[in-house]
Each structure stands twice: as C-alpha cells, then as structure tokens.
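The primary structure of each chain is shown beneath.
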Amino acid sequence: MSAWETVKKRVKIAVVRRKLLSTQIPEDCEHPLEEWMALKAKDTFRRSPELRDAIGARKLDFVGPDEFREYQLFRVREQMRYTEANSIFYKDRYRKAGVAPEDIRAYEDLTKIPLTTPDEMAVDPMHFLCVSMTKTERAFSTTGTSGVRKRVFYSREDLLSKIDIISSALMNVGMQKGEVLHIMFPTVGAWDPSLMMAGACMVAGYGSSSSASVDIEEQMRTIRENKSSYIIGLPSFIHRVTVLAGEKVDLRQLGIKKLICAAEPLSESMRNTLQNAWGCPVLDVWGMTEFGLACAIECDERNGLHTDEANLLFEVIDPETEEHVAEGERGELIVTSLNAEATPIIRYRTRDISSLYPSTCDCGTRFNHRIGKPGGRLDLMTKIGLGQKVYPLLFDEAVLKFPEVISYQVLIDRQNYKDRLTFCIEAQDTDKALQERILDSVLAIAEIEEGIDEELLESPRIRFRDVGSREYVVKAKVIVDQRENYD
Ligand SMILES: [Zn+2]
C-alpha cells in the first residue's frame, strides 16, 4: 500500500468512527451495550418530535424501560412507513392486513402486523429491497439451516450499524482499546464472517488476528504472535481444534481472557469442555444472516443473552396461535429490524425456539431484555416414537459432554416398526467403556427413555468413526432422517 493510500484509508476510518455511537461510550462504563442503546435512543429523541411527544418530555437525560420501549415502538412505526413506501412486499402486506403505522402504540399492538416467513423472503428478495442496487454494499445469500435460499442486502449505513453493535458488544465482553481479538472461523466461500469481524475491529480500535487452520500449532502461533487475548469463532470449529489438540498442548498458558462462540448453538457440554481446556469463561453470541452477526450476547452471568434492542425488537410467540407468550415462556422468536435501510424485515419468524427474560439482569442492566439461549430450531426438530420432539441441541448436551468426542451425527431409520437412532461418533481414544458411557448418557434423555418405554423406539446404537474420516463441514446436518414416508 502506498503512503497516499495509507493516508486515505486512515481518513476513511476516522470519518466512519465519528459516525459510530459506540465511540462515545466511556472506557470505564459498566454496561457498554446498554449505554450504547441509551445513546441511540437519545440520538433519535433529539431528531424526532414524534418520539418526544410519545415520551412526553422535551429533554431525555435518563433512559429507563418506559422511555426505551417508546423508542422501539417509534422505530417500528418508522420502519413500517419506510417499508410501505419502498418495499413492494410490505406495501401490499399492510394494505391487505389493514394495518397502519399509527396503530402500533404498545407492545401488544405488534400482533396486528402479519408475520414474515423465511419462505416469503425466498420468493423474491427484490420485493424486500428498499434501496436501489447501487446503494447496496454487500449481499448475503443464506440457505440457513432451513434449506430455503434467501438474499439479504446491506447498505453502507447497515454495515456501519453492524460494526457499531459488534464494537459495543466487544466492549461489553470486557475488551479494552488496543487489545487483540483472534478470529476462528473456517474458511467459507460465500459467507465470510472473518472479514466483517476484522473490519469491525479495525474501525472500533481493536486489533485482530485470524486463522482458519484446524492445526492447533498454527492457531497457537497466530495467537502468540499477535498477542491476542480474546477469541471469537464457530463453536464446532473451536471445539474440533480443541479436542484434536488433546493433552499435547496446554491452551491455558495462552492467557486467553474470554472465548466467544458465534453463529451456531452452544451446548452447555461444549461450553464446559472449552472452558476447561482454555481456562477462561466461554460466552455465547446469537445472530442470523438476516439481521447480522451479533444480535444477542451473553454477559458474565451466562444466564440468557442480552439483545441488540436498539436495532432489533424481539418477541416470543406461540408458533401455532401466533399470540405472545408470557415472559419466560418458550416459543418462537420473532425479530423486527428497527433501523435497517436495504432489507428491513418486519416480524420475522426466525424458527428458533427461545424465551424473553425479565429486563433486569444480575449484571446490573436496567432495561435491556435478554433471550433464552436459542437452540431448538423448529426446522431441525424431528419427532421420534410417539411424537417426542428431538433436536440437535438435546443430543449435543448428551454426547459432547465427553471431552473425547469431536463430532457426531444421528441417523434415524426404522427397524421392526420402531424408530431407531444410530449415533455415529468421531472421537479420540475410543473404547468399549466410552461407548457404554455415551450410551448411558443418551438413554438418560427423557424423550428417548419415553420412546423406549412405549415400545416405539429401538435402543439407540453407538458407532465410532475414525478421526478425520469426515471433513469439517460448516453447519453439518446433525440429524439425518432416513425414515421413509415420514410426515
Ligand atoms: Zn447481564
């Protein structure tokens, strides 16, 4: 890079930084994420007479639960007006439902707006696009775990707002300016979170290093050379690298302060294995391509994930009746974008099972809601025996608690008119004893125990695979259903 290009790049970063609210969070702030949300609400308050009227004040010094809720509802009305004017899909949608932005005055009013499904988004992504193609900076295609192909666009403003939330979330995790984040994602062609993370670090004033190698020596060398003290990555990938490292190396001596798991559900079994191996707390992040990489992140309490409520509004509904469920009750997670420019999505069915927690947390936040760890995706759920619902996270808890296990897959077929589960396990140091311990653990899953009691389920089988016999696959299917004529 020439000297001139370096100067140009620096100026560009400086301009971008000025636009970010996360740069205004004081270094000694106790709850950076919530502080950032308050800054966002205050910024909107200053610009909007409608929000000032809704809150009934001329000045906003303090943001509490009521003021923040008004900010969110105002943003929902604004996104409705914006999508009504710019999105073919939503214009038609609101008209048919007979719902107008002015109808949304309370949280309960949200159910007046019809839900948007992943299938609807797959039909024609252009019907959701609110800006001209020339204004889009990035497009993400995702088939996700549901198999439906969707395309989501991001404008420059959208990308900046993602950087802003990632930066505040990293501050919330405890990162200080100048510290280095090590990024551990396997190389993926179309979807490269490493690039986005590295960009966010640069703008936010953090260093970053990255490696996509499964070789632990290579990972350790990169971490040491860059003096990285935090790690973010794909849990199944980090888990694989960790287990393969085995007893040979002491990962604790690297002095990693925290490990953040993103883009895949993190089971408690996997969390324990990683915490023991790296000797630091392991935090969970939840995100989805439709809304960005960091939509919710755990605090040190590790009891639910704090949500990015400045950019997203979260609801939990009964997937059948589509009504809101009570606080703490499980249901389908519904997300509405509040500040999106290119592809805003209103009341999106994530197909993820979760719950909304009370707004106060033991870490001391005052209005920021948490969601329960999303995991049991509706699309990945399958029924066994008499209709017991099983999903990957359930098996993760039972199988990944053994530190020898690297990965596994469950095949479901039918034998003697009963469902049969075969666990194909990739593990280090396999022997009869490990096989029996895994079997006991699987048999203790209530859904499996019930199926066997009702004589609708064969006893599960445990089979070992050679290590490395299966290449690492991003978002590999955990449950493979081989039953025929299954509804
Ligand atoms: Zn908390």
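Residues numbered from 1 in each chain as written. Predicted model: local features only at pLDDT ≥ 70, side-chain atom pairs only at ≥ 80, totals over all residues.

1. Structural notes on the packing of helix α2 (residues 32–47) against helix α4 (residues 65–86)
For clarity, the threshold we go by: Here, axes are lines fitted to C-alpha atoms. For helices the fit covers the stretch in contact, and angles between N-to-C directions go from 0 to 180 degrees. Helical segments are the DSSP runs of H or I of at least four residues, strand segments are the runs of E of at least two, and each set is numbered from the N terminus. An angle counts as roughly parallel when it lies under 35 degrees, as roughly antiparallel when it exceeds 145, as roughly perpendicular when it falls between 65 and 115, and as oblique in every other case. By convention, the crossing between two helices is left-handed when the near helix turns anticlockwise from the far helix through less than a right angle, and right-handed when the turn is clockwise. What counts as a contact is two residues whose backbone-derived C-beta atoms lie within 7 Å of each other. Note on residue classes: Ala, Val, Leu, Ile, Met, Phe, Trp, Tyr, Cys and Pro are nonpolar, Asp, Glu, Lys and Arg are charged, and everything else, Gly too, is polar.
Packing of α2 against α4 brings their axes to within 10 Å, and their N-to-C directions diverge by 60°. Compared by their axis directions, α2 and α4 come out oblique. Handedness of the α2/α4 crossing: left-handed. Between α2 and α4, the residues in contact are Met37, Ala41 and Thr44 and Glu67, Phe68 and Tyr71, respectively. Residue classes in the contact of α2 with α4 are distributed as four nonpolar, one polar and one charged.

2. A look at unusual backbone geometry
Look at Ala263: it is not a glycine, yet its phi comes out positive at around 75°. If you trace the backbone, Ala263 turns up in the loop between β6 (258–261) and α11 (268–278). In this structure, Glu322 takes a positive phi of about 65° despite not being glycine. By the element assignment, Glu322 lies in the loop between β10 (312–317) and β11 (331–337).

3. Regarding the sheet that holds strand β16 (residues 405–415)
For clarity, the cut-off: Criterion used throughout: strands pair if DSSP finds at least two bridges between them.
Across the sheet, four strands lie side by side as β18-β17-β16-β19; this open sheet has mixed pairing. Lying at the two open borders of the sheet, with one neighbouring strand each, are β18 (461–465) and β19 (479–481). Pairs of neighbouring strands in the sheet enclose a mean axial angle of 25°, with direction left out of account. In terms of strand pairing, strand β17 (residues 418–427) meets β18 through five bridges, oriented parallel. From the neighbouring strand, Phe423 faces β18, where its bridge partner is Ile462.

4. Re the domain arrangement of the protein
Stated precisely, the cut-off is as follows: How far each domain reaches was decided by an automatic or database domain assignment.
The assigned domain composition of the protein is domain 1 (1–377) and domain 2 (381–481). The straight-line distance from the C-alpha centre of domain 1 to that of domain 2 is 32 Å.

5. A few points about the nonpolar core
Rules: The term nonpolar core refers to a set of buried Ala, Val, Leu, Ile, Met, Phe, Trp, Tyr and Cys residues connected through C-beta atoms within 7 Å. Residues with at least 20 other C-beta atoms within 10 Å of their own are called buried, those with 12 or fewer are called exposed, and the rest are partly exposed. The C-beta atoms themselves are positioned from the backbone.
Core analysis: the largest hydrophobic core is formed by 118 residues, its most contacted members being Leu170, Ile260, Val399 and Phe423. Looking at this core, the element that brings in the most residues is helix α7 (residues 156–173), giving eight residues. Both of domain 1 (1–377) and domain 2 (381–481) provide at least three residues apiece to this core. Once residues within four sequence positions are removed from consideration, Phe423 is found in contact with Val399, Tyr408, Val410, Ile438, Val442, Pro460, Arg461, Ile462 and Arg463.

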